[in-house]
Amino acid sequence: MRSFFHPSDIGDLATALEEAKKVKSTPLAWKNLGQDKTIILIFFNSSLRTRLSSQKAALNLGMNPIVLNVGADSWKLETQLGVVMDGDKSEHLREAIPVIGSYCDIIGVRSFAGLQDRDFDYAETILNQFIEYSGRPVISLESATVHPCQAFADLITIEEYKTKSRPKVVMTWAPHPRALPQAVPNSFAEWMNAADVDFVITHPEGYELDPCFVGNAKVEYDQMKALEGADFVYAKNWSCPGVTNPDDYGKILSKDMSWVVDAKHMAVTNDAYFMHCLPVRRNMIVSDEVIDSPRSIVIPEAANRVVSAQVVMKRMLEDLL
Ligand code: AN0
Ligand code: CP
């Protein structure tokens, strides 16, 4: 595997889920695979889960993880091409990436969407430079448009908790005070479309996700109707993807608090499990009552981030042999 962005990068999902089960039950069984191998994890943005679970996964495989917090630990890096570098950025990605590549075997990068320029974000301009100039396999640790380690962990979690072969999974938009990227909902949609689930997306009008991620999913604008009979409720905020109106890209179009997932919403589901990628703002995205209920599986979902990262790194290491 040369890069990890999409479900297609991991091949057959049933096989990947079987592998995830094995990795989860015997995480140290491949302790020699990563011996003398180094993974550099680069963070342009904050992280709790991705930072820690990626390091843990690398350690389980016997690899040496090195974490770089861009801007805090390193020089500030310029990402745009053709600019006169007379501002606060001391170094360009064009030099930094091959240097980083020369120190490691695998690279993971977290670089959120800037939410200013849709074309720049949706072309995955930054991650593609890492692929092009590092000569190393690259894992998206949430890049401009996708968060595949999260979506794979979400799928592993659904697989563990489902009680029927084809559960109904509903992804609902929820309000948030700040503009957030679309990477998490994009990837969740993409992975649910590839999995054997009945998948419904619900959001206020104007929040339509890019068609390449929505695929054949059902979009239902009536949140209560969408939630009826759900086996899993996946809440997430995202800013305007700019599909219907490009000028609105990255904007907050609604803060409608009636979309906050609370007990009234969960009551119309099939006693659904509640999921969220975290970090979550309580009583903005989800009520205390719902996230504290026994049906909330946000903690085991986060724990599965080690499993998804380990399967991906294991595949990459096997390809390096
Ligand atoms: C980020 C987002 O919504 O993309 C990271 C989620 C994993 N969330 C925030 O910035 C709060
Ligand atoms: N879910 C997730 O990726 O969390 P972090 O932003 O804390 O890494």
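These remarks concern the structure in this document. (Residues numbered from 1 in each chain as written. Chains lettered and ligands numbered in written order. Predicted model: local features only at pLDDT ≥ 70, side-chain atom pairs only at ≥ 80, totals over all residues. Heavy atoms only, no water.)

**Brief notes about the overall build of the protein chain**
- Assigned secondary structure in the protein chain consists of 12 helices and 12 strands.
- The C-alpha radius of gyration computed for the protein chain amounts to 19 Å, which stays within 12% of the reference 20 Å derived for 321 residues, consistent with globular compactness.
- Residues classed as buried in the protein chain amount to 56% of the 321 residues present.
- For the protein chain, contacts bridging at least 24 residues in sequence account for 78% of all contacts bridging at least 6.
- A total accessible area of about 13500 Å² is found for the protein chain, and carbon and sulfur atoms account for 51% of it.
- Computing the positive centroid from 32 side-chain charges and the negative centroid from 42, the protein chain places the two 5 Å apart. (Helix = DSSP H or I, 4+ residues; strand = E, 2+ residues; numbered from the N terminus. Rg over C-alpha atoms; globule rule 2.2 N^0.38 Å. Buried < 20%, exposed > 50% of the residue type's maximum accessible area, 1.4 Å probe, protein only. Contact = heavy atoms within 4.5 Å. Areas by Shrake-Rupley, 256 points an atom, 1.4 Å probe, with all protein chains shown as cover. Lys, Arg positive; Asp, Glu negative; His and termini not counted. Charge placed at Lys NZ, Arg CZ, Asp CG, Glu CD.)

**Details of the pairing of strand 3 (residues 64-69)**
- As paired strands, strand 2 (residues 38-43) and strand 3 are joined by six bridges and run parallel to one another. In the strand pairing of strand 3, Ile42 is matched with Leu68.
- Of the crossover connections in this fold, the one passing from strand 2 over helix 2 (residues 49-60) to the parallel strand 3 is right-handed. (Pairing = 2+ DSSP bridges. Right-handed = clockwise from strand over helix to strand, strands pointing away.)

**Notes on the site of ligand 1**
- Taken together, Phe112, Glu142, His147, Leu180, Pro181, Lys236, Cys277, Leu278 and Pro279 form the complete shell of residues around ligand 1.
- Between ligand 1 and Glu142, the relevant distance is 2.7 Å, taken from an oxygen atom to a side-chain nitrogen or oxygen of the residue.
- Here ligand 1 has 330 Å² of accessible area as a free molecule, and 84% of this is covered by the chains. (Near = heavy atom within 4 Å. Polar contact = N/O pair within 3.5 Å; in protein donor to acceptor, adjacent residues only side chain to side chain.)

**Points about the sheet that holds strand 1 (residues 3-4)**
- Spatial ordering of the open sheet is given by 1-7-6-2-3, a layout of five strands whose pairing is parallel. Lying at the two open borders of the sheet, with one neighbouring strand each, are strand 1 and strand 3.

**Quick look at the environment of Leu320**
- Within the element layout of this structure, Leu320 appears in helix 12 (residues 298-320).
- By relative accessible area, which is 31% here, Leu320 ends up partly exposed.
- With residues up to four places along the chain from it excluded, the contact list for Leu320 reads Lys37, Asp105, Ile106 and Pro137.

**Examining the site of ligand 2**
- As a structural note, the neighbourhood of ligand 2 is formed by Ser47, Leu48, Arg49, Thr50, Arg110, His147, Gln150, Cys277, Leu278 and Arg305.
- Interatomic distance of 2.8 Å between a side-chain N/O atom of His147 and an oxygen atom of ligand 2.
- The residue makeup of the shell around ligand 2, split by class, is three nonpolar, four polar and three charged. (Nonpolar A, V, L, I, M, F, W, Y, C, P; charged D, E, K, R; others polar.)

**Thoughts on the sheet that holds strand 9 (residues 198-202)**
- Pairing is parallel in the open sheet, where five strands are placed in the order 10-9-8-11-12. Edge positions in the open sheet fall to strand 10 (218-219) and strand 12 (273-275), since each of these has one partner strand only.
- For strand 8 (residues 168-173) and strand 9, the ladder comprises five bridges, and the chain directions are parallel. In the sheet register, Val170 faces strand 9, and the bridge partner there is Val200.

**A few points about the packing of aromatic side chains**
- In total, this model carries 10 aromatic pairs according to the counting rule given.
- Ring geometry for Phe4 versus Trp191: centroids 5.9 Å apart, planes at 75 degrees, classification edge-to-face. Here Phe4 is found in strand 1, whereas its partner Trp191 is found in helix 7 (residues 183-194), with 187 residues between them in sequence. Residue Phe4 shares its accessibility class with Trp191, and that shared class is buried. (Phe/Tyr/Trp six-rings, centres within 6.5 Å; stacked < 30°, edge-to-face > 60°.)

**Comments concerning the side chain of Asn237**
- Take Asn237: it is sitting in the loop between strand 11 (232-236) and helix 10 (263-266).
- We classify Asn237 as buried; its relative accessible area is 4%.
- Within the structure, Asn237 has its side chain in polar contact with the backbone oxygen of Ala174 (distance 2.9 Å).
- Among residues more than four places away in sequence, those in contact with Asn237 are Trp173, Ala174, Pro175, His176, Arg178, Leu180, Pro181 and Ile285.

**Focus on the state of the cysteines**
- Evaluation of the coordinates by the stated rule reveals zero disulfides.
- Unpaired in terms of disulfides, Cys212 finds its nearest cysteine sulfur in Cys240, a separation of 15 Å.
- The class of Cys212 is exposed, set by a relative accessible area of 53%. (Disulfide = S-S within 2.5 Å.)

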